[in-house]
Structure formats: C-alpha cells, structure tokens
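A look at the structure
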Amino acid sequence: SNDVPLPDHTRVFTVSNQKGGVGKTTTTVNMAAAFAKAGARVLVIDLDPQGNASTALGVPHSADVPSVYDVLIDDFPLSDVIQQSPENEMLFCAPSTIHLAGAEIELVSQVAREHRLRTALEAFLESADETWHYVFIDCPPSLGLLTINAFVAAREVFIPIQCEYYALEGLSQLLGSIELIQKHLNPSLALTTILLTMFDGRTNLANQVADDVRAHFTDRVLQTVIPRAVRISEAPSFGQTVITYDPAGVGAVSYLEAAAEIARRESTSHQDKEARA
Ligand code: ADP
Ligand code: MG
C-alpha cells in the first residue's frame, strides 16, 4: 500500500541491546511480520541460541534442522536453511538451533570470524531471484561474536528500549561497541532506529524515560510507541506474531504504524537527497 512504500534496496537491520528481556525478539518478529503484511519480502535471521524468533514465526528449529549454525560454521548457503513462515508467504526465517550455543566458542578459531554472516548474506542477496526488502537479525543478549557478526552484516542498528527501567543506563556499552565496529569492521553501520517498547503511559517513569530517550537520540526515535499489551506476550506461544494473532489489537496496530514510519522516513530521506542533488 502507499502507506508503506517498498525500499529500492535491501535494508538490513540488526536488532540489538545487550540486555535480555528488553523486547529484541518481540520487536524483530513483529516488525518483520508488519512489513510482510504490507507487501515486503522479509527475512529474519535468528542469531539467538534460544531460538525465540524461530518459535514466534512458527518455524521448526529442533536440533536436526539446518540452521544459522551451519551457515556460520560449515559454510552452508543461507538459501539452504531459510524456511517460509506459515504466517505469511512473504515472511521467511533462517532459524537458530541449540547448536548455535556452541558457535560463540567455535567461531573464535574460524577464518574471517567476524564476517561470516555478512559473506553469507551478501552471496544470498546477490544470487536471489526475488527482491528482498528487509532483513532483521535477532541478536542474543551479549556482545560476543554472534552479535559482532550481526553488526558486520547489517547497515542499520535498531535498538528497542524498554521504558520501565532507566533506559539510557547500560546503553553506553552498546553505543561504544557500535563505534568500535564502525571504526574497525563496518564503517557503513549506523544507528538509525530506536523504538520505545513495553510502554505504559500511566506511569511517570515511562514518560520520563521516553522524554530522556527522545532528548538524547532526537529523530532516530520513532514517534510510534509499542504499548505493554498482554496479546503481544501471548502470541509466541501460538507460534504467531501479534500481527496474525490479534490483527486489530493495539499491538498489531502499533507495529504496523512503526513499519509505516520506518518506510516513509527512508523514502523521505531519498527525496531529500534527490532534492539536494
Ligand atoms: P529479548 O529478546 O530482548 O530478550 P523479548 O522480546 O523476548 O526480549 O521480550 C521479553 C518478554 O517481554 C517476553 O516475555 C515478551 O513476550 C514480553 N514483551 C515484549 N514486548 C512486550 C509488550 N509490548 N507488551 C507485553 N509484553 C511484552
Ligand atoms: Mg530474544
């Protein structure tokens, strides 16, 4: 639809925050499903050994399933491990399995250990028959080699921030890591998108956190906020995103709005560039 223009190149996001339980996986799968519903072809790469993104997308990821582990460690092409989500024919997942838990250690002795995901993703996108509009990489809650692979493979960093704790605290480590990656491994990486999530507007703390984050990160913070909503947390146990599980609810509506905002900002910045040229 016109609300959500498709990008003219593949936008690769890594959804990162070294804290656990802040909404990385929930953000990844629901943003991906929102873009797929809007007609984009979307790939989720599940880099968390827990495999929560694979579960939420309804994609099998038992130990015998080919997974991101095989891509990182055994040079499988990404196309060999990608599965279509039963939820939407435009939504796909490269699943994680339990084997990925060992990859953090196994990667240490690999050649070009920080670049393995990037190399696989570039080869996949270059040889693909279809245009892939969005790739979302769901990261584990640590700054180890799996997360570094995500930072090297991505162009855009997407940080979900939970509005319940003092959110800026702890973010400095993440920002420092992004700077190091930019300097040494991926100069194209940019923190483009911050999404306030699990927002409860009735509490002063949530509003104060939101104000602090907006003051600090200005236009990188989406106007759309994801509210705390029970349906959002229930959806994964049905192997679904909230976009399918509760399509008219506040969760789905706010993720679809966030997707529209991300898509519009990109096309606006293109127009700005054209206008300046
Ligand atoms: P992370 O991937 O950063 O560890 P998750 O996405 O798994 O975080 O979210 C942590 C918990 O919070 C999960 O139980 C999830 O269902 C719940 N959750 C995430 N976003 C919301 C929300 N907007 N409303 C209610 N619960 C949420
Ligand atoms: Mg997670």
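Note that the coordinates shown come from a computational prediction; the quantities given were computed from them, not determined experimentally. (Residues numbered from 1 in each chain as written. Chains lettered and ligands numbered in written order. Predicted model: local features only at pLDDT ≥ 70, side-chain atom pairs only at ≥ 80, totals over all residues.)

**Notes on the overall build of the protein**
Threshold: Here a helix means four or more residues in a row that DSSP labels H or I, a strand means two or more in a row labelled E, and each is numbered from the N terminus. Note that the radius of gyration is over C-alpha atoms, with the globule rule given as 2.2 Å times the number of residues to the power 0.38. Residue burial is a threshold on neighbouring C-beta atoms within 10 Å of the residue's own C-beta, all placed from the backbone, with 20 or more meaning buried, 12 or fewer meaning exposed, and counts in between meaning partly exposed. Two residues form a contact once the distance between their C-beta atoms, set from the backbone, is within 7 Å.
When you go through the protein residue by residue, the secondary structure sums to 11 helices and seven strands. In terms of overall size, the protein behaves like a compact globule, its C-alpha atoms giving a radius of gyration of 18 Å where 277 residues would be expected to give roughly 19 Å. The burial tally for the protein puts 45% of its 277 residues in the buried class. Of the contacts made within the protein by residues no fewer than 6 positions apart, 78% connect residues no fewer than 24 positions apart.

**Here we look at the site of ligand 1**
Note the following rule: Put plainly, near means the residue's C-beta atom, positioned from the backbone, lies within 6 Å of the molecule or strand in question. Classification convention: Asp, Glu, Lys, Arg as charged; Ala, Val, Leu, Ile, Met, Phe, Trp, Tyr, Cys, Pro as nonpolar; all other residues, Gly among them, as polar.
Neighbouring residues of ligand 1: 16 residues in total, closest Lys24, Thr25, Thr26, Ile232 and Ser233. Among the elements of the structure, helix H1 (24–37) and helix H9 (230–234) are those that each provide at least two residues to the shell around ligand 1. Among the elements that make up the shell around ligand 1, the one with the highest residue count is H1 (three residues). Its residues assigned to classes, the shell around ligand 1 shows six nonpolar, eight polar and two charged.

**Comments concerning the pairing of strand E6 (residues 156–162)**
Across a regular strand the side chains alternate sides, sitting on one face of the sheet and then on the other. Put simply, the rule is: If DSSP finds at least two bridges between two strands, the strands pair.
The buried count for E6 comes to six of seven residues, which makes it a mostly enclosed element. Here three bridges tie strand E1 (residues 11–15) to E6, and the two strands are oriented parallel to one another. Its bridge partner being in E6, Phe13 is matched across the sheet by Glu156. Taken together, the seven bridges between E6 and strand E7 (residues 190–197) define a ladder with parallel strand orientation. In the sheet register, Pro160 faces E7, and the bridge partner there is Leu195.

**A few points about the environment of Ala248**
Within the element layout of this structure, Ala248 appears in the loop between helix H10 (242–245) and helix H11 (250–276). Classification of Ala248 as exposed rests on a count of 7 C-beta atoms within 10 Å. For Ala248 and Asp3, which are 245 residues apart along the polypeptide, the C-alpha to C-alpha distance reads 17 Å.

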